[in-house]
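Observations on chain architecture
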Amino acid sequence: MKTLLVTFIVSLGVIAATVPAKAAPASQSATNFAQKTFGGFSPGKKFKLKIVEATAAIVDLDGGARKTSVPKGIPKFKKGDKITFKIGKKGELTGKGFKIKYQTGSDMAVSYVNEPTASKLDSQIGNVYINFKHQVQAADLVFIKFVRSGFTVKTYTVTYVLE
């Protein structure tokens, strides 16, 4: 049941990632440009969070979801690992084995998305949750990978929750 819930949540994230984002108000855009921040984070900012939950699921074309190991090409972390994040020059969220493009920021979270393309369906989604003082409180990372073998397509979804 937990795997199905994770698959459902990830599916919603993929759908949300494909919906165009609304433009920020002109005053906010000018402020971010002048300060060179992305969602309030300056390039070069570093922070550490600990993995509190790690799940990997695979879904076949028949719709059956089950636990699996993390496939090649997706960062492999385990519960308890401490991950160091860094904000890149273009606002991207980077860590060991991943780089996710900056999408948007708000008073509660900063979102990152590597959207699927026609040539590469894989996607990555990250959210960094902040408090009213703009301090990092938590994050989640979702990696989605499609593997095709003959007429079979398997979808891997790996989710990390960090605090």
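Structure: above.
Residues numbered from 1 in each chain as written. Predicted model: local features only at pLDDT ≥ 70, side-chain atom pairs only at ≥ 80, totals over all residues. Heavy atoms only, no water.

Observations concerning unusual backbone geometry
Heads up, the rule is: Each helix is a run of DSSP H or I of at least 4 residues and each strand a run of E of at least 2, with the numbering of both proceeding from the N terminus. Remark: exposure states derive from per-residue accessible area (1.4 Å probe, protein chains only) relative to the maximum for the residue type, with buried under 20%, exposed over 50%, and partly exposed in between.
Even without being glycine, H134 reaches a positive phi, approximately 60 degrees. Along the chain, H134 turns up in the loop between β8 (123–130) and β9 (136–149). Judged by relative accessible area, which is 28%, H134 ranks as partly exposed.

Side note on the packing of aromatic side chains
A ring pair, where both rings are aromatic, is described by two values, the distance of the centres and the angle of the planes. Test applied: Think of it this way: a Phe, Tyr or Trp ring, Trp meaning its six-membered ring, pairs with another when their centres are within 6.5 Å, and the plane angle makes it stacked under 30 degrees, edge-to-face over 60, tilted otherwise.
Scanning the model with the defined rule gives 8 aromatic pairs in all. Taking the centre distance of 6.0 Å and the plane angle of 35 degrees together, the rings of F41 and F47 count as tilted. By relative accessible area, which is 0% here, F41 ends up buried. Here F143 and Y160 contribute two aromatic rings whose centre-to-centre distance is 6.2 Å and whose plane-to-plane angle is 70 degrees, an arrangement assigned as edge-to-face. Pair noted here: F143 is in strand β9 and Y160 is in strand β10 (residues 152–162), with a separation of 17 residues, a long-range link. The same class applies to F143 as to Y160, namely buried.

Quick look at the pairing of β9
Applicable threshold: Two strands are counted as paired when DSSP detects at least two bridges linking them.
Where β8 lies against β9, 8 bridges are found, and the strand directions are antiparallel. Following the sheet pairing, S123 is matched in β9 by I144. Between the end of β8 and the start of β9, which pair antiparallel, lie 5 residues, with H134 showing a positive phi angle near 60 degrees. Joining the antiparallel neighbours β9 and β10 is a turn of 2 residues, in which G150 adopts a positive phi near 65 degrees.

Quick word on the pairing of strand β1 (residues 46–59)
Examined bridge by bridge, β1 and strand β3 (residues 82–87) share 5 bridges and lie antiparallel to one another. Across the sheet, K50 pairs through a bridge with K82, a residue of β3. Direction of pairing for β1 relative to β10: antiparallel, over a ladder of 8 bridges. Residue pairing in the sheet places A54 in a bridge with Y160 of β10. Examined bridge by bridge, β1 and strand β2 (residues 65–67) share 3 bridges and lie antiparallel to one another.

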